[in-house]
Amino acid sequence: MIAPPHCDRRTALRLAGTAVIGAMAPGLARAAPPSLAQLAAAKGMRFGSAVAAHAGGGVANPRYAALMRAECNILVPENEMKWQALRPSAHAFNFGPADAIVAFAESSGMAVRGHNLLWNRPKWQPAWLEGYDFGVRPASAAADLLTTHIRTVCEHYHGRITSFDVVNETVLPEDGSLARTAISDAIGGTLDTVDLAFRTARAAAPGVQLVYNDYMSWEPGNEAHRAGVLRLLEALRKRGTPVDALGVQSHLIAQGAAPQQRAWRDFIAAVVAMGYDLVISEFDVRDRGLPRAIAARDAGVAALARDYFDMMLSWPQCRDVLVWGLCDSFSWLQGFEPRSDGAPTRGCPYDGDYTAKPLRAAIAAAITAASPRPADRLADWARTGQTIAS
Ligand code: XIL
């Protein structure tokens, strides 16, 4: 048995719990203890958020940083570990902003997830990769670019990152097929590219949880996306690709049509049956289908979230819950998907004034109601450095 390079998870949780109490700055975090991190830790789980490096929704904003310390025991950089941020060119790395987040998390006793080593969608790759000249041997040049990237990032954060989104969103929602990029075309296929990414990550970061992360969801209209993700996960299992978990992004949409609860349960059951663990990696709620009035909107968001978390946490394979930002004011949804009535969206646990909303209470209640995560499933990947199925 190979000991994980990072401290063992129980120790990490204990440390994080201590940090949460110690870091409660008066007047900054208004939610009374227990924090979401403490509630999660009591169940063998972790609660956390995406965070930026800058002074808006980032660790350089003291008030936001205090809220992170108060509520979280795991963080994930929102953009700072993506190729677009880390790779100004094919030959350079810029670790500064990502390092600032990792240092903040460590000094606060929090774990860190890495997001992501390959976002295999043209739109989300750096501009210099578009039409990139891979030379006379494109397959080996592209493989070299990809594996050098993964090795460099994994080695840079050796022992400091407990879980990596190795590949992000490579299943196309419209028909479930696999996306193509300059890199995957040069390598000669997306499945080969995904396989290479995971194998490289496993070798470079043994003992780290390796995740395929995507946004298939439970709303109607996600059928092809869910089916495509299942096909990909099956294909990866068949190849023996070292994937430990599915990252279920969980950008929920509150809309008129009811969620497809049964289809969603079947989908998650199929994922778990293949031996994958689950990570709720990017939770938030798009509230465009809810009324503008704040009390009704917040109640609608909270009710939807409670249903969702109750279902998701019924799977013991789900131990980590991360939201995509703690405060509405810094949420990507304000820009990505503004409401048609112009009102700021309210899909995060705290509002723009750092005040806890009903969504925070819903998350707290769902974690409190969840059964403790069984110790025997305590991170097989962390104990052995191998996938469960391999
Ligand atoms: C988003 C960030 O929040 C934005 O700031 C950025 O402009 C685009 O990306 N799925 C993911 C995340 O995997 O990386 C995305 O983050 C949100 C959707």
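Structural data are supplied above this passage.
Scope of this entry: the structure provided in the associated data block.

About the criteria used
Residues numbered from 1 in each chain as written. Predicted model: local features only at pLDDT ≥ 70, side-chain atom pairs only at ≥ 80, totals over all residues. Heavy atoms only, no water. 1 Å grid on protein atoms, 1.4 Å probe; cavity = no way out; pocket = protein on both sides within 12 Å on 5 of 7 lines; lining within 4 Å. Points joined across faces, edges and corners; volume = space filled by probe spheres on them. Nonpolar A, V, L, I, M, F, W, Y, C, P; charged D, E, K, R; others polar. Near = heavy atom within 4 Å. Polar contact = N/O pair within 3.5 Å; in protein donor to acceptor, adjacent residues only side chain to side chain. Areas by Shrake-Rupley, 256 points an atom, 1.4 Å probe, with all protein chains shown as cover. Core = buried A, V, L, I, M, F, W, Y, C linked by side-chain atoms within 4.5 Å. Buried < 20%, exposed > 50% of the residue type's maximum accessible area, 1.4 Å probe, protein only. Helix = DSSP H or I, 4+ residues; strand = E, 2+ residues; numbered from the N terminus. Expected span 1.5 Å × (residues − 1). Arc of directions from axis to C-beta. Contact = heavy atoms within 4.5 Å. Salt bridge = Lys/Arg side-chain N within 4 Å of Asp/Glu carboxyl O. Lys, Arg positive; Asp, Glu negative; His and termini not counted. Phe/Tyr/Trp six-rings, centres within 6.5 Å; stacked < 30°, edge-to-face > 60°. Pairing = 2+ DSSP bridges. Right-handed = clockwise from strand over helix to strand, strands pointing away.

Details of the layout of surface pockets
And step 1. The calculated volume of the largest pocket comes to roughly 500 Å³.
And step 2. Considering the residues around the largest pocket, the lining is formed by 25 residues, among which Glu169, Tyr215, Arg286, Trp332 and Phe336 are closest to the centre.
And step 3. Split into classes, the residues belonging to the lining of the largest pocket amount to eight nonpolar, nine polar and eight charged.

Thoughts on the site of the ligand
And step 1. Around the ligand lies a shell of 13 residues, among which Glu78, Lys82, His115, Glu282 and Trp324 are the nearest.
And step 2. The separation between an oxygen atom of the ligand and a polar side-chain atom of Asn79 is 3.0 Å.
And step 3. One of the side-chain N or O atoms of Trp324 is found 2.9 Å from an oxygen atom in the ligand.
And step 4. Burial of the ligand by the surrounding chains reaches 81%, relative to a free accessible area of 410 Å².
And step 5. Considering only residue class, the shell around the ligand consists of four nonpolar, five polar and four charged.

Considering the nonpolar core
Within soluble globular proteins, side chains that are nonpolar generally end up buried alongside one another.
And step 1. Tyr212, Trp264 and Phe283 are the most contacted members of the largest nonpolar core, which totals 101 residues.
And step 2. Counting residues in each nonpolar core, the second largest holds nine residues, with Ile74, Ala111, Ala245 and Leu322 among its members.

Details of the side chain of Thr190
And step 1. Following the sequence through the fold, Thr190 ends up in helix α8 (residues 190–204).
And step 2. Among the polar contacts listed, one links the side chain of Thr190 to the backbone oxygen of Ala179, at a separation of 2.6 Å.

A closer look at helix α5 (residues 96–107)
And step 1. In this model, α5 (12 residues) spans 16 Å end to end at C-alpha, consistent with the 16 Å of a helix rising 1.5 Å per residue.
And step 2. By the burial criterion, the buried members of α5 are Ala98, Ile101, Val102, Phe104 and Ala105. The arc enclosing the buried residues of α5, seen along the axis, measures out at 160°, which places them on a common side.
And step 3. Contact partners of the buried residues in α5: β1 (46–51), α3 (62–71), β2 (74–77), α4 (83–86) and β3 (111–119).
And step 4. Two residues or fewer after α5 comes Gly109, characterised by a positive phi angle close to 75°.

Quick look at α8
And step 1. In this model, α8 (15 residues) spans 21 Å end to end at C-alpha, consistent with the 21 Å of a helix rising 1.5 Å per residue.
And step 2. Taken residue by residue, α8 has Thr190, Thr193, Val194, Asp195, Ala197, Phe198, Thr200, Ala201, Arg202 and Ala204 as its buried positions.
And step 3. Structurally, α8 contributes buried residues whose contacts are with β3, α6 (138–156), β4 (163–168), α7 (182–187), β5 (209–214) and α9 (223–239).

Description of the pattern of salt bridges
And step 1. Going through the model one piece at a time under the given rule, you end up with 17 salt bridges.
And step 2. A salt bridge links Arg339 to Asp341; the nearest nitrogen and oxygen atoms lie 2.8 Å apart.
And step 3. The structure contains a network of salt bridges with shared partners spanning Asp192, Asp195, Arg199 and Arg239.

A few points about the environment of Leu172
And step 1. One can find Leu172 in the loop between β4 and α7.
And step 2. In this structure Leu172 touches Arg121, Ser177, Leu178 and Ala179, once residues within four positions along its chain are discounted.

A word on the environment of Ala85
And step 1. Checked against the element boundaries, Ala85 lands in helix α4.
And step 2. Here the alpha-carbon distance between Ala85 and Gly96, two residues 11 residues apart in the chain, equals 9.6 Å.
And step 3. Those residues within four positions of Ala85 in sequence are excluded, and the remaining contacts are Asn79, Glu80 and Asn94.

Let's talk about unusual backbone geometry
And step 1. Of the consecutive residues His115 and Asn116, the connecting peptide bond is found in the cis state with omega at -5°.
And step 2. Here Asn116 shows up in strand β3.
And step 3. Backbone geometry places Glu169, a non-glycine residue, at a positive phi of 45°.
And step 4. Its location among the elements puts Glu169 in the loop between β4 and α7.
And step 5. The phi angle at Ser250 is positive, at roughly 70°, despite the residue not being glycine.
And step 6. Here Ser250 shows up in the loop between β6 (245–248) and β7 (251–253).

Brief notes about the side chain of Arg373
And step 1. When you line up the elements, Arg373 lands in the loop between α13 (358–369) and α14 (380–384).
And step 2. It turns out Arg373 is buried and unbridged, and the closest side chain with the opposite charge, Asp310, is 9.4 Å from it.
And step 3. A distance of 2.8 Å separates a polar atom in the side chain of Arg373 from the backbone oxygen of Leu313.
And step 4. Here the side chain of Arg373 touches Trp315 through a polar contact of 2.9 Å, landing on its backbone oxygen.

Examining the packing of aromatic side chains
And step 1. Within this structure, the stated rule accounts for 16 aromatic pairs.
And step 2. Look at Tyr64 and Phe330: their rings are 4.8 Å apart centre to centre, the planes differ by 70°, and that puts the pair in the edge-to-face class. With Tyr64 in helix α3 and Phe330 in the loop between β9 (318–323) and α12 (333–336), this pair connects stretches of sequence that are 266 residues apart.
And step 3. Judged by relative accessible area, which is 28%, Phe330 ranks as partly exposed.
And step 4. A centroid spacing of 5.6 Å and a plane angle of 5° characterise the contact between Phe93 and Phe95, whose relative ring orientation is stacked.
And step 5. The class of Phe93 is partly exposed, set by a relative accessible area of 27%.
And step 6. Owing to a relative accessible area of 12%, Phe95 belongs among the buried residues under this scheme.

As for the pairing of β2
For a regular strand, the rule is simple: side chains alternate between the two faces of the sheet.
And step 1. Neither face of β2 is open: one carries Ile74 and Val76, the other Leu75 and Pro77, and all of them are buried.
And step 2. As defined by bridge partners, β1 adjoins β2 across four bridges and the pair is classed as parallel. Of the residues in β2, the one forming a bridge with Val51 is Pro77.
And step 3. With respect to chirality, the unit in which β1 leads through α3 into the neighbouring parallel β2 is right-handed.

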